[in-house]
Amino acid sequence: MKRLLTIGLCLLTASLALAQEEAPAPIAPLPTKYQVAWQQMETYAFIHFGTNTFLDREWGYGDAPLNSFNPTRLDCEQWARTLKAAGMKGVIITAKHHDGFCLWPTQYTDYSVRNSPFRDGKGDVVGELAAACKKYGLKMGVYLSPWDRHQAFYGTPLYVEYFHAQLEELMTQYGELFEVWFDGANGGDGYYGGAREERKIDHRKYYDFPRAHKMVFKHQPQAIIFSDGGPGCRWVGNEKGYAFPTNWSFLRINDVYPGYAQFEELQSGHADGDTWVAAECDVSIRPGWFYHESEDDRVKTPEYLTDLYYRSVGHNGTLLLNFPVDRDGLIHPNDSANAVDFRKRIEAELSNNLLVKGATVKASDTRDKAFPAKVLTDGNYDTYWATHDGVTSATLTFTFKRQQRVNRLSLQEYIPLGQRVKAFTAEYLDGKQWRKLDTGEETTTIGYKRLLRFPTVTTKALRISITDSRGPVCLNAVGAYYAAGAEASYKADTRKYDQQKLLR
Ligand code: FUL
């Protein structure tokens with residue numbers, strides 16, 4: 001009996017070892033589990049709010065009188081409800097913008113809500129938002145501008161201590177945060193306690209970011225740190241809300257620093273990067289980041305926002321969509337209407353995956369039974385199709401039970417094992433002929449998610465061919481959709497976005 005048990009145990013251990021051997025080895029650089037969870041959020045909101053809102057400014061000089069900040073109907077629950085309805089998974093607030101005014105009652109400066117008319121000096125906008133996020137199930141993040149145009153001691157070592165101390169308040173007083181945002185705009189002219197002059201700092205060294213990062217990780221290990229060069233996620237190199245179709249989630253980390261001006265590189269990442277720093281595509285729903293009444297009729301349309309979704313989330317990035325809260329302290333109805341409509345469109349276009357029930361799949365190569373192509377449509381993030389070691393090109397053929405109209409495709413790599421695919425093709429069966437889908441953009445990287453739009457085809461089968469990869473292919477999801485009525489907007493969008501013209 002004992003012998004049998006030993007043999008049984010040995011067999012079990014051997015098969016477990018085998019199963020482990022069978023999984024493809026990860027290929028560095030790899031994301032942390034927090035970076036994967038962050039990318040899965042896909043869309044989240046920015047709130048720009050402060051003295052600029054009341055003075056019709058974009059960059060406050062740092063001299064705004066304290067009594068200028070006076071939202072009389074501020075309601076963070078209205079923000080949370082609106083953002084939730086717009087499908088946002090979290091919200092990042094400008095706790096302090098470049099003007100230095102603090103939306104929370106920090107103990108380190110008088111220049112805050114504490115000395116404003118708002119709630120008779122007893123208010124705390126960051127705290128109210130944290131409570132609303134908790135109530136409505138949104139994640140929360142903070143923007144703390146390193147550049148401070150108000151403080152007299154900006155530019156001295158004392159300011160660096162001040163910046164770190166404020167950061168510590170934010171990291172410890174408002175519960176769990178999903179992201180911390182360090183703006184790249186740094187140093188220049190300002191009020192600086194009345195000096196009204198230009199001040200320059202060393203972008204790379206002045207703020208002692210390594211120390212700031214350590215502190216963030218100590219209090220908020222899950223928080224993703226944004227800056228031009230990460231370390232958690234990177235600026236996408238434009239403020240228009242899109243990444244390039246070719247988009248690697250890697251950077252040569254030592255090359256990029258706050259204020260890095262190689263915008264094209266940031267839009268595509270570094271194919272040979274050594275660190276996982278995925279792209280975040282920030283954009284405002286209006287022309288400005290802060291509220292201006294003159295822009296009430298210039299809110300981005302649902303069509304425009306939908307297009308941006310395909311070019312941000314669909315280009316292996318996240319979409320950070322800004323809502324300029326108005327002078328009442330509310331999200332303006334024009335903004336909420338368009339944002340909610342945008343979400344409905346995305347859902348209508350991408351909710352019915354035609355491959356789930358209506359098609360069978362065949363793979364040209366499958367690693368073994370644990371990684372079959374059929375899991376590509378099982379809705380489980382952690383099951384994936386994989387090819388054998390050494391197989392870096394492979395084909396997936398989806399055959400429909402009956403002809404289908406299709407004009408959208410969605411592909412996902414299993415990024416916990418790295419980003420691998422360098423090139424692929426997407427085709428449909430036209431009679432007996434395979435023809436390329438007219439995607440209007442290069443089919444290179446996939447990453448966390450790649451969405452493709454093309455004029456409607458009516459077809460019996462689709463074929464995805466991975467033609468080059470950094471290692472065995474690991475895909476965890478494929479979707480095919482028919483977005484009714486979206487054809488016209490697709491064509492218009494293609495004209496609007498000539499990639500070369502839109503670098504900046
Ligand atoms: C920029 C800032 O200068 C803008 O005011 C805004 O906050 C944007 C998100 O980042 O660098």
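Residues numbered from 1 in each chain as written. Predicted model: local features only at pLDDT ≥ 70, side-chain atom pairs only at ≥ 80, totals over all residues. Heavy atoms only, no water.

> An account of the site of the ligand is requested, with residue identities and associated values reported.
Residues in close proximity to the ligand include Phe46, His48, Trp59, His97, His98, Tyr143, Trp181, Asp183, Ala185, Glu239, Asp282 and Trp289, which together make up its full environment. Within the side chain of His98, a nitrogen or oxygen atom sits 2.9 Å from an oxygen atom of the ligand. Here an oxygen atom of the ligand and a side-chain polar atom of Glu239 are 3.4 Å apart. Alone, the ligand offers 290 Å² of accessible surface; in the complex the protein occludes 92% of this. (Near = heavy atom within 4 Å. Polar contact = N/O pair within 3.5 Å; in protein donor to acceptor, adjacent residues only side chain to side chain. Areas by Shrake-Rupley, 256 points an atom, 1.4 Å probe, with all protein chains shown as cover.)

> Could you give me a rundown of helix 5 (residues 125-136), with the residues and numbers involved?
Between its first and last C-alpha atoms helix 5 spans 16 Å; for 12 residues at 1.5 Å apiece the expected length is 16 Å, and the two agree. The complete set of buried residues in helix 5 reads Val125, Val126, Leu129, Ala130, Ala132 and Cys133. End-on view of helix 5: buried residues confined to an arc of 165 degrees, all on one side of the axis. Residues of helix 5 that are exposed and point more than 90 degrees away from the buried face comprise Lys134 and Lys135. Its buried side turned inward, helix 5 meets helix 4 (76-85), strand 2 (90-96), strand 3 (139-144) and helix 6 (157-173). Put simply, Asp124 is the residue that caps the front of helix 5, since its side-chain oxygen is 3.2 Å from the backbone nitrogen of Val126. Looking at the residues trailing helix 5, positive phi occurs at Gly137, about 70 degrees. (Helix = DSSP H or I, 4+ residues; strand = E, 2+ residues; numbered from the N terminus. Expected span 1.5 Å × (residues − 1). Buried < 20%, exposed > 50% of the residue type's maximum accessible area, 1.4 Å probe, protein only. Arc of directions from axis to C-beta. Contact = heavy atoms within 4.5 Å.)

> Could you give an account of the pattern of salt bridges, with specific residues and numbers?
By the definition in use, this model includes 26 salt bridges. The partner of Lys135 in a salt bridge is Glu77, and the shortest N-O contact between them spans 3.1 Å. Taken together, the positions of Lys135 in helix 5 and Glu77 in helix 4 put the pair 58 residues apart, joining distant regions of the chain. Taking the shortest distance from any N to any O, the salt bridge between Arg450 and Glu441 comes out at 3.0 Å. (Salt bridge = Lys/Arg side-chain N within 4 Å of Asp/Glu carboxyl O.)

> Give a detailed account of the side chain of Arg420, specifying residues and quantitative values.
Positionally, Arg420 belongs in the loop between strand 15 (394-413) and strand 16 (421-430). Comment: no salt bridge for buried Arg420; closest opposite-charge side chain is Glu413, at 5.3 Å. Separated by 2.7 Å, the side chain of Arg420 and the backbone oxygen of Pro472 make a polar contact. In this structure, Arg420 is in contact with Pro24, Ala25, Pro26, Ile27, Trp248, Glu413, Asp468, Ser469, Arg470, Gly471, Pro472 and Cys474, ignoring residues within four places of it in sequence. (Lys, Arg positive; Asp, Glu negative; His and termini not counted.)

> How would you explain the domain arrangement of the chain if you had to name every residue and give the values?
Each assigned domain of the chain is listed with its residue range as follows: domain 1 (33-350) and domain 2 (355-481). Listed as interface residues are 21 residues of domain 1 and, on the opposing side, 22 residues of domain 2. With both sides pooled, the region where domain 1 packs onto domain 2 buries about 2000 Å², and carbon together with sulfur makes up 56% of that total. Summed over the shared surface of domain 1 and domain 2, the result is three salt bridges. The residue Glu42 makes a salt bridge to Lys449 at a minimum N-O spacing of 2.9 Å. In this assembly, domain 1 and domain 2 are joined by 15 residue pairs in polar contact (both at pLDDT 80 or more). (Domains from an automatic or database assignment. Buried area = accessible area lost by both parts, 1.4 Å probe.)

> Talk me through the packing of aromatic side chains; I want residue IDs and the actual numbers.
With the rule as written, the count across this model stands at 39 aromatic pairs. With a centroid separation of 5.6 Å and 90 degrees between ring planes, the pair formed by Phe101 and Tyr111 is classed as edge-to-face. Placement of the pair is Phe101 in the loop between strand 2 and helix 5 and Tyr111 in the loop between strand 2 and helix 5, with a sequence separation of 10 residues. A centroid spacing of 6.4 Å and a plane angle of 10 degrees characterise the contact between Tyr159 and Tyr206, whose relative ring orientation is stacked. A residue pair is termed long-range when its members are at least 10 positions apart, and Tyr159 in helix 6 and Tyr206 in the loop between strand 6 (197-199) and helix 7 (209-219) qualify at 47 residues. Tyr159 gets classed as buried once you look at its relative accessible area, which sits at 0%. Under the relative-accessibility criterion, Tyr206 is labelled buried at 13%. (Phe/Tyr/Trp six-rings, centres within 6.5 Å; stacked < 30°, edge-to-face > 60°.)

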